[in-house]
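Coordinates in review
Each chain, written out:
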Amino acid sequence: MSHTFTLDGKTIPFAEGQTILQAADAAGVFIPHLCYHPDFKPHGSCKLCTVKVNGRQTASCTMRALPGMVVESETEEINGERRALTQMLFVEGNHFCPSCEKSGNCQLQATAYHLGMMSPHFDHFFPSRAVDASHPDVLLDFNRCILCSLCVRASRDVDGKNVFALSGRGIKTHLIVNAKSGRLADTDFTLADKAAQVCPVGVILPKRLGFAVPIGERKYDKAPISETTEGR
Ligand code: SF4
Ligand code: FES
């Protein structure tokens, strides 16, 4: 831990090989992120973690920390761009939070609150992907997927099952279930899988367990995302 860089003027120590986001995380400084999870290799898809390093924008989840770097994160410019990225994610899917079981426990929603997102701003895409309710214990609503690939990485690298994959190109990219039928019921997925626990939004939902926590007591009701374990 002999090296340091500065993040918004604050000195951040880092170990050899750590990324900017990992070092900030260890120092208790919040950089918004959605596709990064400390248990997995960075994916670099959401771009919410973008910072300016020595004047140039880069994703802090993939950028290795180097001694003496000057990193800017909490600026009007960068947060404005993060807000626009969040708005894009909202309009690309069907994020009707008032009827979503993950509301109050959702990283996308909490990030939008953190960034002061007041409206979707862009036109909605209104995708209409069929819900997969075939599994006895789990419901999949693909219309809320933000393609972070955390479930793909968790199922492949931790569960050793390869239940999920991303398919298609461009705006047609979507999450699929790796079964001939395409149905979750035809995989060996269980609620005990790591992949069942990592979705930052409301795609992978346990059945018979919705709306169990009263409003006011949900995770991000109690503390903004910048003060939670996801936020660090
Ligand atoms: S289902 Fe959830 S964890 Fe999987 S890619 Fe979509 S948003 Fe990410
Ligand atoms: S957290 Fe870095 S690109 Fe998503």
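Residues numbered from 1 in each chain as written. Chains lettered and ligands numbered in written order. Predicted model: local features only at pLDDT ≥ 70, side-chain atom pairs only at ≥ 80, totals over all residues. Heavy atoms only, no water.

Inspection of the region around ligand 1 gives Cys-145, Ile-146, Leu-147, Cys-148, Ser-149, Cys-151, Leu-175, Cys-199, Pro-200, Val-201 and Val-203 as its neighbouring residues. Split into classes, the residues belonging to the shell around ligand 1 amount to 10 nonpolar, one polar and no charged. (Near = heavy atom within 4 Å. Nonpolar A, V, L, I, M, F, W, Y, C, P; charged D, E, K, R; others polar.)

Attention shifts here to the packing of helix H2 (residues 76–92) against helix H3 (residues 107–114). At a minimum axis distance of 10 Å, the contact between H2 and H3 shows a crossing angle of 140°. Looking at the two axes, H2 sits oblique to H3. Between H2 and H3 lies a crossing whose hand is left-handed. Of the residues in H3, those in contact with Thr-86, Leu-89 and Phe-90 of H2 are Leu-108, Gln-109, Thr-111 and Ala-112. Grouping the constituent residues of the contact of H2 with H3 by class yields four nonpolar, three polar and no charged. (Axes fitted to C-alpha atoms, helices over the stretch in contact; angles between N-to-C directions. Helix = DSSP H or I, 4+ residues; strand = E, 2+ residues; numbered from the N terminus. Parallel < 35°, antiparallel > 145°, perpendicular 65-115°, else oblique. Left-handed = near helix turned anticlockwise from the far one by under 90°. Contact = heavy atoms within 4.5 Å.)

Here we take up the UniProt feature "domain: 4Fe-4S His(Cys)3-ligated-type" (unreviewed entry) in the chain. In this structure's numbering, the residues bearing the UniProt feature "domain: 4Fe-4S His(Cys)3-ligated-type" (unreviewed entry) are residues 77–116. From the first C-alpha to the last, residues 77–116 spans 14 Å; its make-up is 60% helix and 0% strand. (UniProt positions renumbered as here; feature names shortened; annotations may be inferred.)

With that settled, consider the domain arrangement of the chain. Along its sequence, the chain is carved into domain 1 (3–74) and domain 2 (83–209). A straight line from the C-alpha centre of domain 1 to that of domain 2 covers 25 Å. On the domain 2 side, the residues contacting the 16 residues of domain 1 number 19 residues. When domain 1 packs against domain 2, close to 1300 Å² is buried across both sides, 68% of that on carbon and sulfur atoms. When the buried area of domain 1 at its contact with domain 2 is split by residue, Leu-34, Phe-40 and Leu-48 rank highest and sum to 49% of it. Counting every contact that joins domain 1 to domain 2 gives one salt bridge. Taken together, domain 1 and domain 2 are joined by five residue pairs in polar contact (both at pLDDT 80 or more). When the residues that make up the side of domain 1 that touches domain 2 are grouped by side-chain class, the tally is eight nonpolar, four polar and four charged. (Domains from an automatic or database assignment. Buried area = accessible area lost by both parts, 1.4 Å probe. Salt bridge = Lys/Arg side-chain N within 4 Å of Asp/Glu carboxyl O. Polar contact = N/O pair within 3.5 Å; in protein donor to acceptor, adjacent residues only side chain to side chain.)

The tendency in soluble globular proteins is for nonpolar side chains to be buried side by side. The biggest cluster of nonpolar side chains holds 36 residues, and the ones touching the most others in it are Leu-108, Leu-140, Phe-164, Val-177, Leu-184, Phe-189 and Ile-204. For this core, the secondary structure elements donating two or more residues are H2, H3, strand S6 (138–140), helix H4 (150–158) and strand S8 (174–177). Examining the composition of this core, we find that four residues originate from one element, H4, more than from any other. Three or more residues apiece are contributed to this core by two domains, here domain 1 (3–74) and domain 2 (83–209). Phe-5, Leu-7, Ile-12 and Tyr-36 belong to the second-largest nonpolar core, a separate cluster that totals 19 residues. (Core = buried A, V, L, I, M, F, W, Y, C linked by side-chain atoms within 4.5 Å. Buried < 20%, exposed > 50% of the residue type's maximum accessible area, 1.4 Å probe, protein only.)

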